[in-house]
Amino acid sequence: MKELVDLGVMVFREKNSRGSFKPHLSVKFRSVEGKLVTFSIDTTRTPAKYQQPDAYLITHAHSDHYGKSAMLSERAVCSDKTAIALEIRHERKYAGRTFKVGDIIETCGVKVQTFPNFHTVGSTSFMWENELGTRILVTGDVKDASMLPECDLLITEANYGDPGDATCYFDDDISGFENAFRDHPSIAFGAYAFGKAQRAVELLRGLGYDGTIEMEDQSLSLTRGLLEGAGELACLGEGCGDCISIVPPWDLEKLPSRMSKFVMTGRSDYRYPAIQISDHLDARGLVTMVKDIGPEFTVVYHPSGHRPGRFAKHLECIGFNALSIDRINNVLSNEFV
Ligand SMILES: [Zn+2]
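Residues numbered from 1 in each chain as written. Predicted model: local features only at pLDDT ≥ 70, side-chain atom pairs only at ≥ 80, totals over all residues. Heavy atoms only, no water.

Comments concerning the nonpolar core
Counting 41 residues, the largest nonpolar core has Phe189, Leu204 and Ile246 as the members making the most contacts within it. Top contributing element to this core by residue count: helix α4 (residues 196–206), with 5 residues. Here this core spans two domains, since at least three of its residues come from each of domain 1 (5–165 + 281–336) and domain 2 (171–275). Setting aside anything within four residues of it in sequence, one finds leucine 204 in contact with Phe177, Phe181, Phe189, Tyr209, Ile213, Ile244 and Ile246. With 29 residues, the next largest nonpolar core counts Val11, Val27, Leu57 and Val138 among its residues. (Core = buried A, V, L, I, M, F, W, Y, C linked by side-chain atoms within 4.5 Å. Buried < 20%, exposed > 50% of the residue type's maximum accessible area, 1.4 Å probe, protein only. Helix = DSSP H or I, 4+ residues; strand = E, 2+ residues; numbered from the N terminus. Domains from an automatic or database assignment. Contact = heavy atoms within 4.5 Å.)

Given below as structure tokens:
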């Protein structure tokens, strides 16, 4: 089986000024023109006095992917919608470059293809080749891998990647969502402002609801800024009275008690009934994704905690060559320095 060095790629983690590892990782390789290039992935910005990577790739605007920090660098690269989401969420100006998901962009002489992964509005997977022809694919978090290409080095996530954990197996309960919507004339959905709230609006419009949807302020700004075809949206209390509301889960209790309340979540620790709607692949979906992509080597880089290790181990058990982020040290191999 091929090792990372055979693929002409070095994967490493940088340390911050306190000596601990920065989030996620960086990839060093030679471009097709033979130039040494470093891409940092979903990590925080390196202070200006230190050597910068050639690009900070930001897969999407969830806070555990650190766009809040990387967005301030001119070397940041993310989709137009991710940039909008970062600006709304963090009230900062995005300083980097943007693209439309599906575009091919060139950065530092490297042609980078971009693909949708349907995790959030604007979320992006990136792929490029190095001088050996190794195709390197960074998925970010994935909801639907059907548009992702085959590759040689796969850098992916394991949010629900522990095959021994029953909570890592689920199906979206679309019919539960539909029943809740049809059975309750006055209804509120608890959904995180970025990601879930837009999915709730898409689902409601998909079910044919064309009335006003009231939303909490940030959910409203994000949905207006990001979602085409969102239909009539309004601030809380400014809609038509008995319409549908979408607020973050912890705001449900602030809404009138006459409303029926549900939380869109995989968790079961809310006081309101949960409707399982996930922004992620489950354990089976992640394995199917890896099999379909067929990499020579897989690096599991997200989230923090034990799941990348469990998923990498499982991939090894079923015949893939895999490494999890907790086993990456930041020693630069001689070939690359
Ligand atoms: Zn995410």
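Describing the domain arrangement of the protein chain
Accessible area lost upon the coming together of the parts serves often as the stated size of an interface. Splitting the protein chain by domain gives domain 1 (5–165 + 281–336) and domain 2 (171–275). Computed from C-alpha atoms alone, the centre-to-centre distance between domain 1 and domain 2 is 31 Å. On the domain 2 side, the residues contacting the 13 residues of domain 1 number 13 residues. In total, about 1100 Å² of surface goes out of reach between domain 1 and domain 2, with carbon and sulfur atoms giving 59% of it. (Buried area = accessible area lost by both parts, 1.4 Å probe.)

A short note on the coordination of the zinc ion
Coordination of the zinc ion by the protein comes from His60 (NE2), His62 (ND1), His119 (NE2) and Asp141 (OD), over a distance range of 2.2 to 2.5 Å. Around the zinc ion, the 4 donor atoms sit at angles spanning 88 to 169°, and that spread fits a shape best called irregular. The sequence motif formed by the donor residues of the zinc ion is H-x1-H-x56-H-x21-D. Taken together, the residues histidine 60 in the loop between β4 (55–57) and α1 (67–70) and aspartate 141 in the loop between β10 (135–138) and β11 (153–157) connect sequence positions 81 residues apart. (Donors = N, O, S within 2.8 Å, 3.2 Å for Na, K, Ca; no water. Tetrahedral: all angles 85-135°; square planar, octahedral: opposite > 155°, others 65-115°.)

Considerations on unusual backbone geometry
Of the consecutive residues histidine 302 and proline 303, the connecting peptide bond is found in the cis state with omega at -5°. Mapped onto the elements of the fold, proline 303 is located in the loop between β18 (297–302) and α7 (307–317). With a phi angle near 55°, histidine 24 is a residue other than glycine that sits in the positive phi range. We note that glutamate 91 has phi near 50°; this positive angle belongs to a residue other than glycine. On the secondary structure map, glutamate 91 appears in the loop between α2 (80–90) and β6 (97–99). Relative accessible area serves as the criterion here: at 75%, glutamate 91 is assigned to the exposed category.

Focus: α2
For α2, the complete set of buried residues consists of Lys81, Thr82, Ala83, Ala85, Leu86 and His90. Here the buried face of α2 lies against α1, β5 (76–79), β6 and α5 (217–226). Positive backbone phi, at 50°, marks glutamate 91, one or two positions downstream of α2.

Quick look at the sheet that holds β11
One open sheet holds the 7 strands; their spatial order is β7-β8-β9-β10-β11-β18-β19, and the pairing between them is mixed. Of all the strands in the sheet, the pair left with one neighbour each is β7 (104–107) and β19 (322–324). For this sheet, the mean inter-axis angle between neighbouring strands, taken without regard to orientation, is 20°. Relative to β11, β10 is paired through 3 bridges, and the arrangement is parallel. Its bridge partner lying in β11, isoleucine 136 is registered against leucine 153. Sheet strands in contact with helix α6 (residues 283–293) are β10, β11 and β18, and its direction is about 165° off that of β11. Sheet contacts for α7: β11, β18 and β19; angle to β19, the most-contacted strand, approximately 170°. (Pairing = 2+ DSSP bridges. Axes fitted to C-alpha atoms, helices over the stretch in contact; angles between N-to-C directions.)

Focus on the packing of aromatic side chains
Aromatic ring pairs are described here by two measures, namely the spacing of the ring centres and the angle between the planes. Overall, the coordinates contain 9 aromatic pairs when judged by the stated rule. Summarising the aromatic geometry, the rings of phenylalanine 39 and tryptophan 128 are spaced 4.8 Å apart at their centres and angled 70° between planes, so their arrangement reads as edge-to-face. With a gap of 89 residues between them, phenylalanine 39 in strand β3 (residues 36–41) and tryptophan 128 in strand β9 (residues 124–129) connect regions that are remote in the sequence. With a relative accessible area of 2%, tryptophan 128 lands in the buried category. Measuring from ring centre to ring centre gives 5.8 Å for tyrosine 192 and tryptophan 250, while their planes differ by 45°; the resulting arrangement is tilted. Pair noted here: tyrosine 192 is in the loop between β12 (187–190) and α4 and tryptophan 250 is in the loop between β15 (244–247) and β16 (260–264), with a separation of 58 residues, a long-range link. Tyrosine 192 gets classed as partly exposed once you look at its relative accessible area, which sits at 34%. The residue whose ring lies beneath lysine 15 is phenylalanine 21, and the NZ or CZ to ring-centre distance is 5.3 Å. (Phe/Tyr/Trp six-rings, centres within 6.5 Å; stacked < 30°, edge-to-face > 60°. Lys NZ or Arg CZ within 6 Å of the ring centre and 35° of its normal.)

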